[in-house]
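The residues making up each chain are set out below.
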Amino acid sequence: RPTIAASTSSRCGCRMRRDARLRVAFLLISLLFADFASAQQATWTPGQPGESLEIALVTVGPGQVYWERFGHNALVFRDPLSGRGTSYNYGMFDFEEADFMLNFALGRMQYQIAAEDADEEIAWYRSEGRSILEQELNLDASQVLALKAYLETNLLPENRRYPYDYFTSNCSTRIRDALDKVLGGALRKQLTSPSRGLTYRLLADALMSPDAALMLGIDLGLGPYSDQRLSFWQDSFVPMQLMQHLSDVRIDDASGASVALVRDERVLAQSRWPDPPFLPPDLRWPFFAIGIVFGGLALFLRQRSARAWARRSLATLGAGFSLFTGLAGLVMLGLWLFTAHQSAWANENLLIMNPLALLLVPAWCGSARSHWSAGRFSRGLLVAIALLAGFALFSKILTSFEQANLAWILLTLPIHLALAHCASSRQAR
């Protein structure tokens, strides 16, 4: 591709610019195109070719790379006389911009809109083996031109960037909002009430399930905000969800008759990859089994602490578990207190992954010695952490604790209880 690098974003599967010179060239071309388009709109009158522009939503399915898992979408305007089309998408970002990683960590990412040749865009995603579905929208000429003018206004240098949020402000929600604007709010009115009971967590976990480690990391870091029941309007942050919902939307045409928003659907490419599951795997019983195994192992090793290999093994298990839970808790606390990642705030996993567990690492390392005796502070901290983990399980019956983290509780609680018991005796055998 002459101006766009072959990569995609972590949430919407949109591509990023890498080469600085190409970014400058793209900026100049975008400015010229925006000026040309604005001038063209100012001179359009009924009967001219611009009035017959066709508009379609193009939805690209998930890819194989982790940042492609959420799919992508774009609005395509095509002139039936010339056959040429322009694709507008809100998924552009740049790894080379100043403080990119810092802004990413703090939840202050900036995305932007871009306009590209539609046929080149479609050919690129087809070459990646991803599904492509085009939905021709049943908008009249005035709505098509109003939508194009809105997008061109967004392309202006002072407007093209916007604050990005994984769930509430991404490439799909921006297209949803643009369509709703030209439809006078009809889209939001029809999509606000219906719900299938999906949540941000369920959708994110399901789409990321082919990458198990990333799915688990995302699930662990999401707080109660991600477990709210979503309407069709809210779950449209996933391009494939928006695509499905638009098929059922109806609008009034110029005569006042109710017509379908989607006039026609065409499959432009079939996916070469398996479809993501509708729901993520249920991890509660597998995690509970793992927790029981490691908890039982800790108790087994304590009973044989007279042997050096058992002491070293128990020390490794205790120090490793305390390090993992402590670091995870520290990250979750940082996301809550110091970032704009609202979906990670007030994470109830802090009850089972306490940053104070880091203070236990030296004590567990020392337990490899013969005749090791746990200090009063270490014993008290282990008991306190185990009690908090027990409360986390009890909290699942309380309406004020809404986070769907039972699997993580079932994983960690048996280990917390076992380690607290192992340190209850002042003298290791």
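Residues numbered from 1 in each chain as written. Predicted model: local features only at pLDDT ≥ 70, side-chain atom pairs only at ≥ 80, totals over all residues. Heavy atoms only, no water.

1. Things to note about the overall build of the protein
Our working definition: Under the scheme used here, helices are H or I runs from DSSP no shorter than 4 residues and strands are E runs no shorter than 2 residues, and both carry numbers assigned from the N terminus. A simple rule labels every residue: compare its accessible area, found with a 1.4 Å probe on the protein chains alone, to the largest value its type can have, and call it buried under 20%, exposed over 50%, or partly exposed in between. Whether two residues touch is decided by their heavy atoms; if any such pair falls within 4.5 Å, the residues are in contact. All accessible areas in this document rest on Shrake-Rupley with a 1.4 Å probe, and a residue is counted as covered only by the protein chains that are shown.
When you go through the protein residue by residue, the secondary structure sums to 15 helices and nine strands. Within the protein, buried positions represent 50% of all 429 residues. For the protein, restricting intrachain contacts to residue pairs at least 6 apart in sequence, the fraction spanning at least 24 positions comes to 76%. For the protein, the accessible area works out to roughly 19700 Å², and carbon and sulfur atoms hold 62% of it.

2. Quick look at a nonpolar patch on the surface
Selection rule: Residues forming no salt bridge and having over 30% relative accessible area are the ones grouped into patches, like charges within 9 Å of each other and nonpolar side chains (Val, Leu, Ile, Met, Phe, Trp, Tyr) within 5 Å. Think of a salt bridge as a Lys or Arg side-chain nitrogen and an Asp or Glu carboxyl oxygen that are within 4 Å of each other.
On the surface, Ile-290, Val-293, Phe-294, Leu-297, Phe-300 and Trp-309 cluster together into a nonpolar patch covering about 530 Å² of accessible area. No other element matches the five residues that helix H11 (residues 284-303) contributes to the nonpolar patch. Within the secondary structure layout, Val-293 lies in helix H11. Residue Val-293 is classed as exposed on the basis of its relative accessible area, which comes to 54%.

3. Quick word on the nonpolar core
Here is the rule: For our purposes a nonpolar core is just a set of buried Ala, Val, Leu, Ile, Met, Phe, Trp, Tyr and Cys residues, chained together by side-chain atoms within 4.5 Å.
Leu-75, Leu-139, Leu-147, Leu-187, Leu-246 and Leu-261 are the most contacted members of the largest nonpolar core, which has 53 residues in total. Apart from the residues lying within four places of it in its own chain, the contact partners of Leu-261 are Glu-136, Leu-137, Asn-138, Leu-139, Leu-183, Leu-187, Leu-246, Val-249, Arg-250 and Ile-251.

4. Re the pairing of strand S4 (residues 110-117)
Rule in force here: The rule for pairing is simple: two strands pair if DSSP sees at least two bridges between them.
Taking burial as the measure, the eight residues of S4 include six buried ones, the bulk of the element. With five bridges joining them, strand S3 (residues 85-92) and S4 adopt antiparallel strand pairing. Considered in S4, the bridge of Met-92 is made with Gln-112. Alignment of S4 against strand S6 (residues 161-163), held across three bridges, turns out to be antiparallel. What sits directly across from Gln-110, in S6, is Pro-163.

5. Notes on the confidence of the model for the protein
Low pLDDT marks stretches whose predicted atomic positions should not be read closely. Selection criterion: A score between 0 and 100, pLDDT records how confident the predictor is in each residue.
Counting all residues, the mean pLDDT for the protein is 87, and 87% of those residues have values of 70 or more. Here residues 1-50 is a poorly scored stretch, pLDDT under 50, and it has 120 contacts once near neighbours within four places are set aside; other chains count.

6. Overview of the side chain of Arg-130
The condition is simple: Under this definition, polar contacts are N or O atom pairs within 3.5 Å; protein pairs additionally need one hydrogen-donor-capable and one acceptor-capable atom, and for neighbouring residues in sequence, both atoms have to be side-chain atoms.
Within the secondary structure, Arg-130 is located in the loop between helix H3 (118-127) and strand S5 (132-137). The exposure class assigned to Arg-130 is buried, which follows from its relative accessible area of 0%. Engagement of the side chain of Arg-130 in a polar contact is seen with the backbone oxygen of Gly-61, the distance being 2.9 Å.

7. A closer look at the pairing of strand S1 (residues 54-60)
For S1, the tally of buried residues reaches six of seven residues, placing the bulk of the element in the interior. The sheet contact formed by S1 and strand S2 (residues 72-78) spans seven bridges and is antiparallel. Directly across from Thr-59, in S2, lies its bridge partner Asn-73. Pairing of S1 with S5, which is carried by five bridges, proceeds in the antiparallel orientation. Paired with Val-60 across the strands is Ile-132, a residue of S5.

8. With respect to the side chain of Thr-339
Relative to the assigned elements, Thr-339 resides in the loop between helix H12 (308-338) and helix H13 (361-366). With relative accessibility at 13%, the residue Thr-339 sits in the buried group. A polar contact of 2.6 Å, which involves the side chain of Thr-339, links it to the backbone oxygen of Leu-335. Polar side-chain contacts of Thr-339 include one of 3.2 Å to the backbone nitrogen of His-341. Aside from chain neighbours lying at most four places away, what touches Thr-339 is Ala-105, Leu-106, Gly-334 and Trp-345.

9. Focus on the sheet that holds S1
Cut-off, in case you're wondering: Each axis is a line fitted through C-alpha atoms, taken for helices only over the stretch in contact, and angles between the N-to-C directions span 0 to 180 degrees.
Here we have seven strands laid out as an open sheet, ordered S6-S4-S3-S2-S1-S5-S9, and antiparallel in their pairing. Pairing within the sheet leaves two strands with one partner each, and these edge strands are S6 and strand S9 (262-269). Put simply, the sheet's adjacent strands are angled 25° from each other on average, direction ignored. Contacts from helix H4 (residues 141-155) reach S1, S2, S3 and S4, with the element oriented near 50° to S3. Strand contacts of helix H10 (residues 239-246): S1, S2, S5 and S9, with the helix running at about 135° to S1, the strand carrying the most contacts.

10. Some thoughts on the pattern of salt bridges
Scanning the model with the defined rule gives 15 salt bridges in all. The salt bridge partner of Asp-264 is Arg-266, with a shortest N-O separation of 3.0 Å. In this structure Arg-266 comes out as partly exposed when scored by relative accessible area, which is 31%. Residue Arg-284 is joined to Asp-282 by a salt bridge in which the shortest nitrogen-to-oxygen separation is 2.7 Å. Here the salt bridges do not stand alone but share partners, grouping Glu-134, Glu-136, Arg-263, Asp-264 and Arg-266 into one network.

11. Points about unusual backbone geometry
With a phi close to 55°, Ala-346 is a non-glycine residue in the positive phi region. By the element assignment, Ala-346 lies in the loop between H12 and H13. Residue Ala-346 is classed as partly exposed on the basis of its relative accessible area, which comes to 30%. At His-371, a position not held by glycine, the phi torsion is positive, near 55°. If you trace the backbone, His-371 turns up in the loop between H13 and helix H14 (376-394). Its relative accessible area of 65% is what places His-371 among the exposed residues.

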